[in-house]
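For reference, the chains in residue letters:
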Amino acid sequence: MAKPIWVKLDRNTGSGNGTVANSSNPHTGRVARKGTLQVDGVGATVPDVYEVTQSPKPEFVSLRQWFGNVCSQDCGDCDC
């Protein structure tokens, strides 16, 4: 089982029963991405498999409502 290309593993972590650190660059996609990692080691009888999930980039939308040539915002400027 290959690790997802977007996941980075810190090979200097996880000795014995320790935690294996993983990271990634910010995800700029619109849908969460998931991957499965398999950790195996000397003396391990069964590999440990875990899933990683990275949330998508938040989306923000700014809308202005216009009525003819008059801005709907009461700011005194149609370029508000």
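Our structure's up above, just so we're on the same page.
All figures in this text were calculated on a predicted structure; none of them were measured in a lab.

1. A short note on the overall build of the protein
The secondary structure content of the protein amounts to 0 helices and 6 strands. Counting from the amino terminus, the protein carries its helices and strands in the arrangement β-β-β-β-β-β. Taking all 80 residues of the protein together, 11% fall into the buried category. The contacts in the protein between residues at least 6 apart in sequence include a share of 36% that link residues at least 24 apart.

2. A closer look at the environment of Pro47
Inspection of the secondary structure puts Pro47 in the loop between β3 (33-39) and β4 (48-54). For the pair Pro47 and Leu37, spaced 10 residues apart in sequence, the C-alpha separation works out to 9.9 Å. Among residues more than four places away in sequence, those in contact with Pro47 are Gln38, Val39 and Asp40.

Calculation rules
Residues numbered from 1 in each chain as written. Predicted model: local features only at pLDDT ≥ 70, side-chain atom pairs only at ≥ 80, totals over all residues. Heavy atoms only, no water. Helix = DSSP H or I, 4+ residues; strand = E, 2+ residues; numbered from the N terminus. Buried < 20%, exposed > 50% of the residue type's maximum accessible area, 1.4 Å probe, protein only. Contact = heavy atoms within 4.5 Å.

Take it as geometry only, folks, not as evidence of what the structure does.
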